[in-house]
Amino acid sequence: MENIIDIKNVNLTLGKNNILNNISISFEKGKIHGFIGRNGSGKTMLMKCICGFIKPKSGTIIVDGKVVGKDIDFPKNMGIIIETPGFIPYYSGYKNLKLLAGLRGKIGKDAIIQSMKQVGLEPKLKRHVKKYSLGMRQRLGLAQAIMENPDILILDEPMNGLDKDGVSDMRKYLLNLKEYGKTIIIASHSSEDIEVLCDTVCEMDKGFLTKLKGW
């Protein structure tokens, strides 16, 4: 199978702290790959490095054949949820997505509406995002991540704030995306989410990575 992401000997230091320690791993295209680990274990920082948000001290990250930070600053064709998605609080969900979509001009109204419906949000809802529940914000974050139909999704705790039905819906949706050939990297505190969704599983602890399943 083809690897869509290759991480080679990546180290990250912030101040005097070693955040990532010689991380080397590859992710196959069309699979769901899971990270588990406590807060501060390094999994969110590794995701930020993959997305180009943080530059490692050393090592190489290759996404879809291009070196991040050299060939490209930020990988294209990637949808991202890292930490709590930030939206303009006095705009509706639809208006927020419309504004973000306008930055790149790749999609129109129909794609925005479809992405909201796919994650269980009503596009015509006029409620300001500041009045959304945490679960609704997470759904809107996922709608933002998928609305331009990316091949890769980087999802840090995407189930955060969802109730039992919301978690079930999200699992079905992510598995459906996999069926369409999407590559998904997901970090979760829930061992059940990881077990249900993931083809491969890694554990991170104090910046070190251990391969647990599927390698």
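The rules behind the values
- Residues numbered from 1 in each chain as written.
- Predicted model: local features only at pLDDT ≥ 70, side-chain atom pairs only at ≥ 80, totals over all residues.
- Heavy atoms only, no water.
- Buried < 20%, exposed > 50% of the residue type's maximum accessible area, 1.4 Å probe, protein only.
- Helix = DSSP H or I, 4+ residues; strand = E, 2+ residues; numbered from the N terminus.
- Arc of directions from axis to C-beta.
- Contact = heavy atoms within 4.5 Å.
- Core = buried A, V, L, I, M, F, W, Y, C linked by side-chain atoms within 4.5 Å.

## Topic: helix α1 (residues 43-51)
Among the nine residues of α1, eight are classified as buried, and the element is accordingly described as predominantly covered. Among all positions in α1, only Lys43, Thr44, Leu46, Met47, Lys48, Cys49, Ile50 and Cys51 are buried. Just past α1, the residue Gly52 takes up positive phi, approximately 85 degrees.

## Thoughts on helix α3 (residues 109-118)
Considered for burial, the residues of α3 that qualify are Ile112, Ser115 and Met116. Buried residues of α3, viewed axially, fall in a sector of 100 degrees; they line one side. The exposed residues of α3 that point more than 90 degrees off its buried face are Asp110 and Lys117. Summarising the contacts, the buried residues of α3 are in contact with α2 (93-104) and α4 (134-146). With its phi angle positive at about 85 degrees, Gly120 sits one or two positions after the end of α3.

## Structural notes on the nonpolar core
Ranked by internal contacts, the top residues of the largest apolar core, which has 34 residues, are Leu97, Leu140, Leu142, Leu174 and Ile184. For this core, the elements supplying multiple residues, two or more each, are α2, α3, α4, β7 (152-156), α5 (164-179), β8 (183-187) and α6 (191-197). If one sorts the elements of this core by residue count, α4 sits on top with six residues. The residues contacting Leu140, other than those within four sequence positions of it, are Phe87, Gly93, Leu97, Met116, Leu121, Val129 and Tyr132. Among the nonpolar cores identified, the runner-up in size contains 29 residues, and Ile5, Leu20, Phe27 and Cys51 belong to it.

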